[in-house]
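Understanding the architecture of this molecule
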Amino acid sequence: MAATVFLAEVLPAPGEEYLLDGDEGRHAAAVRRIRVGEELVLSDGAGGFARCAAEAVGKSDVTVRCAQTWTVPAPSPRVIVVQALPKSDRAELAVELATEAGADEIVPWQAARCVARWDGAKSKAEKGVARWRAVARSAAKQARRAYVPRVHDLVTGRELIPLLTSMDANVVVLHEGSAVPLGEVDFSVTTTVVIVVGPEGGISPEELDALVAMGAQPALLGPTVLRTSTAAAVALGAIGVLTDRWAQTPPA
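Residues numbered from 1 in each chain as written. Predicted model: local features only at pLDDT ≥ 70, side-chain atom pairs only at ≥ 80, totals over all residues. Heavy atoms only, no water.

As recorded in an unreviewed UniProt entry, the chain goes by Ribosomal RNA small subunit methyltransferase E and comes from Tsukamurella paurometabola. What UniProt states about the chain under its Catalytic activity (unreviewed entry) heading is, verbatim, "uridine(1498) in 16S rRNA + S-adenosyl-L-methionine = N(3)-methyluridine(1498) in 16S rRNA + S-adenosyl-L-homocysteine + H(+)". For the record of the chain, the UniProt heading Function (unreviewed entry) holds the text "Specifically methylates the N3 position of the uracil ring of uridine 1498 (m3U1498) in 16S rRNA. Acts on the fully assembled 30S ribosomal subunit." (UniProt positions renumbered as here; feature names shortened; annotations may be inferred.)

Side chains on a regular strand alternate between the two faces of the sheet. Burial of strand β7 (residues 105-110) is extensive: six of the six residues sit out of reach of the surface. Note: strand β6 (residues 78-84) against β7, five bridges, orientation parallel. Its bridge partner lying in β7, I80 is registered against E105. On the question of chirality, the crossover connecting β6 to the parallel β7 by way of helix α2 (residues 88-101) is right-handed. Strand direction decides the pairing type here: β7 and strand β8 (residues 150-151), joined by two bridges, are parallel. The residue of β8 that forms the bridge with E105 is R150. Relative to strand β9 (residues 155-156), β7 runs parallel, the two being bridged by two bridges. Each bridged residue has a counterpart across the sheet, and for W109 the counterpart in β9 is V155. (Buried < 20%, exposed > 50% of the residue type's maximum accessible area, 1.4 Å probe, protein only. Helix = DSSP H or I, 4+ residues; strand = E, 2+ residues; numbered from the N terminus. Pairing = 2+ DSSP bridges. Right-handed = clockwise from strand over helix to strand, strands pointing away.)

Okay, the domain arrangement of the chain next. Along its sequence, the chain is organised into domain 1 (4-71) and domain 2 (78-242). Each side of the interface is counted separately: domain 1 has 12 residues, and domain 2 has seven residues. In total, about 840 Å² of surface goes out of reach between domain 1 and domain 2, with carbon and sulfur atoms giving 54% of it. By the criterion of area lost to domain 2, the three top residues of domain 1 are V5, L7 and G45, representing 50% of everything that side buries. Taken together, the links from domain 1 to domain 2 amount to one salt bridge. A salt bridge links K141 to E24; the nearest nitrogen and oxygen atoms lie 2.8 Å apart. The interface formed by domain 1 and domain 2 holds four residue pairs in polar contact (both at pLDDT 80 or more) in total. Sorting the residues of the side of domain 1 that touches domain 2 by element identifies β1 (4-7), α1 (22-31) and β4 (48-57) as the ones contributing at least two each. No other element matches the four residues that β1 contributes to the side of domain 1 that touches domain 2. (Domains from an automatic or database assignment. Contact = heavy atoms within 4.5 Å. Buried area = accessible area lost by both parts, 1.4 Å probe. Salt bridge = Lys/Arg side-chain N within 4 Å of Asp/Glu carboxyl O. Polar contact = N/O pair within 3.5 Å; in protein donor to acceptor, adjacent residues only side chain to side chain.)

Laid out in structure tokens, this is it:
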């Protein structure tokens, strides 16, 4: 069985000891029940890994010694998912699936037709973003990813176009009305791809016009209309096959 991955702020060098404490230490000691001599992998969430062995286990921490470190290059092209807020019971699923499928960044978007609303109170947006970040962190560990995706602060309709314009990216809007299949999109024109996923009620005509006016390309994901919580993961899978993003293997 492959060694379990835990996140660490700083990776130890080969031969060094490291105390895994806090939430990760409690998870290793109390949930995973790591034992002395057992192998585990530390990740800094930014491409770095360290293969370690447990030397001592406390109630809520584990002391490990590093045997090997290595770095995984970032996938190319970089994929940013602009995710319209799903209904509350499916929001975490959307983030989890997008993270497992390889999203490099996730932008929560308060689209016009979103049922879920974060734009009324600052505290609600802050709590929502914090939860998305926690879900992305957990899903990245579960998927043994080298990189934890960055989750942006909430963007409103007025803020989305300026943000996308600043990214120098190939912006693709998933839309059931497009005549261009996703498989025909040229993903080699830039090193960054943005996938825009609308809400359950669809992207409004005004939003679609604004996106097309700034250079975005509508694309058809497939013959069925997917839920907003699953569309990004399916699109990421397609891009993984159509590009070299899935050329790497998970850490052993």
